[in-house]
Amino acid sequence: MDSQSRGLPARTYLGLFLGQMLRRPAHTAALAPSSTGLAREMAMGVGPDSGTVIELGGGTGKITEAILARGVAPGRLVVFETNPAFASLLRHRFAGVRVIEHDAREIGALAPDGVGAVISGLPLVSIPTPVQHGIVAGAFARLRPGGLFVQFTYGWRPPVDRVVREALGLSWTVSRMVWRNLPPARVYRFSLAEQPD
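In short, a report on the structure.

Definitions and cut-offs
Residues numbered from 1 in each chain as written. Predicted model: local features only at pLDDT ≥ 70, side-chain atom pairs only at ≥ 80, totals over all residues. Heavy atoms only, no water. Helix = DSSP H or I, 4+ residues; strand = E, 2+ residues; numbered from the N terminus. Buried < 20%, exposed > 50% of the residue type's maximum accessible area, 1.4 Å probe, protein only. Contact = heavy atoms within 4.5 Å. Areas by Shrake-Rupley, 256 points an atom, 1.4 Å probe, with all protein chains shown as cover. Phe/Tyr/Trp six-rings, centres within 6.5 Å; stacked < 30°, edge-to-face > 60°. Pairing = 2+ DSSP bridges. Axes fitted to C-alpha atoms, helices over the stretch in contact; angles between N-to-C directions. Salt bridge = Lys/Arg side-chain N within 4 Å of Asp/Glu carboxyl O.

Side note on the overall build of the protein
When you go through the protein residue by residue, the secondary structure sums to seven helices and seven strands. Order of helices (α) and strands (β) in the protein, N terminus to C terminus: α-α-β-α-β-α-β-α-β-α-β-α-β-β. Scored against the burial criterion, the 197 residues of the protein give a buried share of 46%. For the protein, the proportion of contacts with a sequence separation of at least 24, taken over those separated by at least 6, is 67%. Total accessible area on the protein is roughly 9,900 Å²; 55% of this is exposed by carbon and sulfur atoms.

Here it is in structure tokens:
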């Protein structure tokens, strides 16, 4: 365990996750917390030189932990989490990480400029297209040139709707399937497509 994380038994996190899934299903859309393998894949590509990194939907902190393990300083990590129980857990576990208890739709208004990456644990494919557009557009409004929007999906199509991708001019890469996750998932990294001169 690193110095930024105050650990609790893994079953405590799982119990909290399952409890919140039953009490607040609209705010806990995943079937299970992200696996270590998926969290590492999500955090791949960020590090000490990434500047500020934003995480959307911190949950129990699996991806948060992976981001910090890549060398991102706690003071450079901002996590949006609407669920009060999860937000409290994140503040307890990760000293120095800024936890914003607001909807991800507020990223454009509340996040700093010049962000190196936005790493999303949101159930983006189940979010209505206009709301999804607002979140992704807000993220790119805060990303520095070359910055990435990272999103996992359980499906075979890009997790950002085609309408949104085309409106914003996005290109992407996709990881191999992360089989050790429930369900198995892939990670997409979206960026602004290069415009011809």
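Next, the rest of the story.
Focus on the packing of aromatic side chains
Scanning the entire structure with this criterion turns up four aromatic pairs. Their ring planes at 35° and their centres at 6.4 Å tell us that Phe-140 and Phe-149 sit as a pair that is tilted. Judged by relative accessible area, which is 11%, Phe-140 ranks as buried. Classification of Phe-149 by relative accessible area gives buried; the value is 0%. Among the aromatic residues, ring-to-ring pairing joins Trp-172, Tyr-188 and Phe-190 into one connected group.

A closer look at the sheet that holds strand E2 (residues 77-80)
In spatial order, the strands read E3-E2-E1-E4-E5-E7-E6; together these seven strands make up an open sheet with mixed pairing. In the strand order of this sheet, the two ends are held by strand E3 (98-100) and strand E6 (170-174), each with one partner. Neighbour to neighbour, the strand axes of the sheet diverge by 20° on average, direction disregarded. Where strand E1 (residues 53-56) and strand E4 (residues 115-120) come together, four bridges link them in parallel fashion. Looking at the pairing, Val-53 lines up with Ala-117 of E4.

Details of the pattern of salt bridges
The final tally for this structure, using the stated rule, is six salt bridges. Arg-162 is the salt-bridge partner of Glu-166, the closest N and O atoms lying 3.4 Å from each other. Taken together, the positions of Glu-166 and Arg-162, both in helix H7 (residues 162-168) and four residues apart, correspond to about one turn of that helix. Judged by its relative accessible area of 55%, Glu-166 falls in the exposed class.

So, the pairing of E1
Regular strands place their side chains on alternate faces of the sheet. The alternating pattern of E1 places Val-53 and Glu-55 on one face and Ile-54 and Leu-56 on the opposite face, and all of these are buried. Relative to E2, E1 runs parallel, the two being bridged by four bridges. Within E2, the residue paired with Val-53 across the bridge is Leu-77.

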